[in-house]
Amino acid sequence: MTHEVRSPAAAAPGRLPLDASLHMPLGAEGEGAARAGLSQVALGLVGSEILKIAADVRALQAQGRKVCNLTVGDFAPSEFRIPRSLERGIASLLERGETNYPPSDGVLSAREAVADYYARELGLRYPVSSVVIAGGARPVIYATYRAVVDPGERVLYPVPSWNNNHYVFMSRAVPVEVMARPEDDFLPTSDLLRHHLDGVRLLSLNSPLNPTGTALSREALTEISVMVVEENRRRAARGDRPLYVMYDQVYWTLTFGDTRHHTPVELVPEMAAYTVFVDGISKAFAATGLRVGWTVAPPYVAARMRDLLGHVGAWAPRAEQIAAGELLADPEGIAAYHAGMRSEVQARLDALYEGFRAMAEAGLPVRAIPPQGAIYLSARFDLMGRRLPGGALFSTNEQVRQYLLEKAGVAVVPFQAFGRGLDDGWFRLSVGAVSVAGIAEALPRIRAALRDVI
Ligand SMILES: Cc1ncc(COP(=O)(O)O)c(C=O)c1O
C-alpha cells in the first residue's frame, strides 16, 4: 500500500480528487475489515436482521409490486405525525439559538419535566439527579449495560426480545437466555427466571414487549420484582453485588383494552434501588428521528451513565430535548395526542388480529395473540410440514417469510430476529408504517396464500 500525503492545493478546482479507495483494502465489507485488522468486537458485530429483510422488500417494490410492510419498528410520518407543539417548539428553539452543547446529563428543564412526568403519570417521585437525557433509548440501554455489567459477567433476558444479544456482545458480557412460552404470551415469569439468577448482574425486561405486543401483568411483574428483592437481600448478606433490572418501557403509553402498564418500583418499592428505567419520546410520540430518550435510575447509577454517555457524546440535540420537556409538562396536550395515537395503532392491530381470527375460523393455519400494547402483533403461520401443490415442504420460518412476501406481498419478521431460534412459525407484525386500508387490502392476499398451502 502506498501512502501519499497531498497538500490542500491538490483539491483545488480543476484537479482530480485523490481516489481514497485505491489506498484501502476493499472487498466484501467483512473481508475488508478482517484484512484491516479490526477489533474482535467490530468483527463479531451482527447488523440488524430486520434491515436485511427491508432490502428484500425494496427489491420487490422496485419491480412495481405492492408490499404491505409490517417489518419496521418505526412510524411512517404519513401515518403518525409527531405532536404539532413538539414540531413548533423545536423550530422556535432553533431560531432562538439553542444550538450549542447540552449539559452531559441533559438540559435541566427537560430533566425536571421527566421527573414531574413520572410523578404525575406513573406515581413515582424521583430526584432530578436520577434523570439523564440521551440521544434516544438505545444509548441509554448501552449505558445501562456498561454501568452495571463488567466484561465476562452475566446478563439474563427472555427471548424473544429486542436487541439484548447485540448489547451483550458489545459489553463483552455472557448472555443467559430464557425461552418465554407462547402460553405465557411470550412474557417472562418468575418461575422461568428464578433458576438462572446465579452471578447475573443485569436482568433485562421490556414491557410492553417488542416483538410480541404483549405486556407484563401486575401479578407477573410483582412476582419478578419480589424475586429480585429477595435475591438482593441474599447477596447483601454475602456482601455480593446486587442484581439490577433494566426496565425498558418505551412503549408504555401504548396499551389497549384492559391492559395496564405497571412498573417494578410501583409494585415493590424496594425495587427503586435496583431499577434502571429506559424510556423516551421515540415510540410515545412517534418521534423516532428526533433522538430524545432518558433513564430514570438510582442517582449513583445515573451519574455513571451520564459520564459514559458524555464521552460518547450521545446527547439528545439541545432544542429537541428542551421541546420534549415542554411537551412532557403539558398533560392535556399529551392526553389528547395519545387518545388519537392509541386508537390509530389499535385500529391497525385489531384489523390484523380480526383478519387472522376470521381465517382461523375458516380453518386456515394461522393464529394471533390479542394485542395488548406497543405497535406489534404476534402471529403464527403454522405451515411447517405443509407444502404448495407440487412444491417442497415448509420447514423454516425463512421459507414462510419469503412465501408471504412473494405470494401475498406482505413483509413480516420471524421471531428468530429476536433471539427465538425455533422454526415454529411465529412472526412479528409491526403496524407503525401502514394504514388500516393497506391492511384491509393485504388480508385477502394472505388468505389466498394460505389457502394454496395443503
Ligand atoms: C423495546 C425497545 N427499546 C428501545 C428502542 C430504541 O428506541 P430509540 O429509537 O429511542 O433509540 C426500541 C426501538 O425499536 C425498542 O423496540
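Our structure's up above, just so we're on the same page.
Residues numbered from 1 in each chain as written. Predicted model: local features only at pLDDT ≥ 70, side-chain atom pairs only at ≥ 80, totals over all residues. Heavy atoms only, no water.

J.: Got a minute to help me understand the packing of helix α6 (residues 137-148) against helix α12 (residues 299-312) in this structure?
T.: Across the interface, α6 lies against α12 with an axial gap of 9 Å and an inter-helix angle of 120 degrees. It follows from the interaxial angle that α6 and α12 lie oblique. Of the two possible hands of crossing, α6 and α12 adopt the one that is right-handed. When α6 is examined against α12, the residues Pro139, Val140, Tyr142, Ala143, Thr144, Arg146 and Ala147 are found in contact with a partner set consisting of Met305, Leu308 and Leu309. In terms of residue class, the contact of α6 with α12 is built from 8 nonpolar, 1 polar and 1 charged. (Axes fitted to C-alpha atoms, helices over the stretch in contact; angles between N-to-C directions. Helix = DSSP H or I, 4+ residues; strand = E, 2+ residues; numbered from the N terminus. Parallel < 35°, antiparallel > 145°, perpendicular 65-115°, else oblique. Left-handed = near helix turned anticlockwise from the far one by under 90°. Contact = heavy atoms within 4.5 Å. Nonpolar A, V, L, I, M, F, W, Y, C, P; charged D, E, K, R; others polar.)

J.: Before we go on, may I ask you to explain the site of the ligand in this structure?
T.: With respect to spatial proximity, 13 residues lie near the ligand, and among them Ala137, Asn210, Asp248, Ser282 and Arg291 are the closest. One nitrogen or oxygen atom from the main chain of Ala137 is found 2.8 Å from an oxygen atom belonging to the ligand. Interatomic distance of 2.7 Å between a side-chain N/O atom of Asn210 and an oxygen atom of the ligand. Relative to its free-state accessible area of 400 Å², the ligand is covered by the protein chains to the extent of 97%. Structurally, the ligand is housed in the largest pocket. Counting only elements with at least two residues in the shell around the ligand, the list comes to α6 and α11 (281-284). By residue number, the principal contributor to the shell around the ligand is α6, which donates 3 residues. For the shell around the ligand, the residue count by class is 5 nonpolar, 4 polar and 4 charged. (Near = heavy atom within 4 Å. Polar contact = N/O pair within 3.5 Å; in protein donor to acceptor, adjacent residues only side chain to side chain. Areas by Shrake-Rupley, 256 points an atom, 1.4 Å probe, with all protein chains shown as cover. 1 Å grid on protein atoms, 1.4 Å probe; cavity = no way out; pocket = protein on both sides within 12 Å on 5 of 7 lines; lining within 4 Å. Sits in = over half its atoms within 2 Å of the grid points.)

J.: Mind showing me how you'd approach the sheet that holds strand β4 (residues 174-179) here?
T.: Hydrogen bonds along the backbone pair up the strands of a sheet, which may run parallel or antiparallel. The strand order across the open sheet built from 7 strands is β2-β8-β7-β6-β5-β3-β4, with neighbouring strands paired in mixed fashion. Each end of this open sheet is capped by a strand with a single partner; those strands are β2 (131-134) and β4. Direction aside, the axes of adjacent strands within the sheet are offset by 20 degrees on average. The pairing of strand β7 (residues 275-280) with strand β8 (residues 293-296) spans 4 bridges and is antiparallel. Looking at β8, one finds that Asp279 is bridged to Trp294. Across the sheet, α6 touches β2, β3 (154-159), β5 (200-206), β6 (244-248), β7 and β8, and the angle it forms with β7 is around 165 degrees. In this fold helix α9 (residues 218-238) packs onto β5 and β6, with an angle of close to 170 degrees to the strand it touches most, β5. (Pairing = 2+ DSSP bridges.)

J.: Explain the side chain of Arg235 here, please?
T.: Looking at the secondary structure, you find Arg235 in helix α9. From its side chain, Arg235 meets the backbone oxygen of Leu197 in a polar contact 2.9 Å long. Aside from chain neighbours lying at most four places away, what touches Arg235 is Leu197, Gly199, Val200, Arg201, Asp240, Arg241, Pro242 and Leu243.

J.: Would you take a moment to explain the nonpolar core for this structure?
T.: Grouped burial of nonpolar side chains is what soluble globular proteins tend to show. Counting 131 residues, the largest nonpolar core has Leu203, Phe356, Phe381 and Leu429 as the members making the most contacts within it. Each of domain 1 (49-76 + 336-451) and domain 2 (84-329) accounts for three or more of the residues forming this core. Leave out the neighbours within four places in its chain, and Leu203 touches Leu156, Leu193, Ile224, Met227, Val228, Leu243, Tyr244, Val245 and Met246. Ile50, Phe186, Ile369 and Trp426 belong to the second largest nonpolar core, which has 9 residues in total. (Core = buried A, V, L, I, M, F, W, Y, C linked by side-chain atoms within 4.5 Å. Buried < 20%, exposed > 50% of the residue type's maximum accessible area, 1.4 Å probe, protein only. Domains from an automatic or database assignment.)

J.: What exactly am I supposed to notice about the sheet that holds strand β9 (residues 366-368) here?
T.: Ordered by their spatial adjacency, 4 strands build an open sheet running β9-β10-β13-β12, and the pairing between neighbours is antiparallel. The open sheet has two edge strands, β9 and β12 (413-414), and neither has a second partner. In this structure, β12 lies alongside strand β13 (residues 426-430), joined through 2 bridges in antiparallel fashion. In the strand pairing of β13, Val413 is matched with Arg428. Its contacts with the sheet place helix α14 (residues 331-361) against β9, β10 (376-381) and β13, and it is angled at close to 20 degrees to β10.

J.: Would you mind showing me how to read the packing of aromatic side chains here?
T.: To describe a pair of aromatic rings, one takes the distance between the centres and the angle between the planes. Tallied over the full model, the rule gives 19 aromatic pairs. Aromatic pair Tyr244 and Tyr274: ring centres 6.5 Å apart, planes at 75 degrees, arrangement edge-to-face. Of the two residues, Tyr244 sits in strand β6 while Tyr274 sits in the loop between α10 (264-267) and β7, which places them 30 residues apart along the sequence. In this structure, Tyr244 and Tyr274 share a single accessibility class: buried. Each member of the aromatic cluster is reached from another via a ring pair, and the members are Tyr117, Tyr118, Tyr126, Tyr247, Trp252, Phe277 and Trp294. Here the basic side chain of Arg172 rests over the ring of Phe169, its NZ or CZ set 5.1 Å away from the ring centre. (Phe/Tyr/Trp six-rings, centres within 6.5 Å; stacked < 30°, edge-to-face > 60°. Lys NZ or Arg CZ within 6 Å of the ring centre and 35° of its normal.)

J.: What's the story with α9 in this structure? I'm lost.
T.: For an α-helix, 3.6 residues make a turn, and residues three or four places apart therefore share a direction. In this model, α9 (21 residues) spans 30 Å end to end at C-alpha, consistent with the 30 Å of a helix rising 1.5 Å per residue. Of the residues making up α9, those classed as buried are Ala220, Leu221, Ile224, Ser225, Met227, Val228, Val229, Glu231, Asn232 and Arg235. In the core, the buried residues of α9 are packed alongside α8 (190-194), β5, β6 and α10. One or two steps after α9, the chain reaches Gly239, where phi turns positive at roughly 75 degrees. (Expected span 1.5 Å × (residues − 1).)

J.: Looking at this model, I keep getting lost on the pattern of salt bridges. Mind explaining?
T.: Side chains that differ in sign of charge can pair as their charged atoms come close. Across all of its chains, the model carries 29 salt bridges by this definition. Asp116 serves as the salt-bridge partner of Arg125, at 3.3 Å between the closest nitrogen and oxygen. The class for Arg125 is exposed, based on a relative accessible area of 58%. Residue Asp116 is classed as partly exposed on the basis of its relative accessible area, which comes to 38%. With a closest N to O distance of 2.7 Å, Arg181 and Asp184 form a salt bridge. You can call Arg181 partly exposed: its relative accessible area is 35%. Through salt bridges with shared partners, a single ionic network connects Asp150, Glu153, Arg201, Arg238, Asp240 and Arg241. (Salt bridge = Lys/Arg side-chain N within 4 Å of Asp/Glu carboxyl O.)

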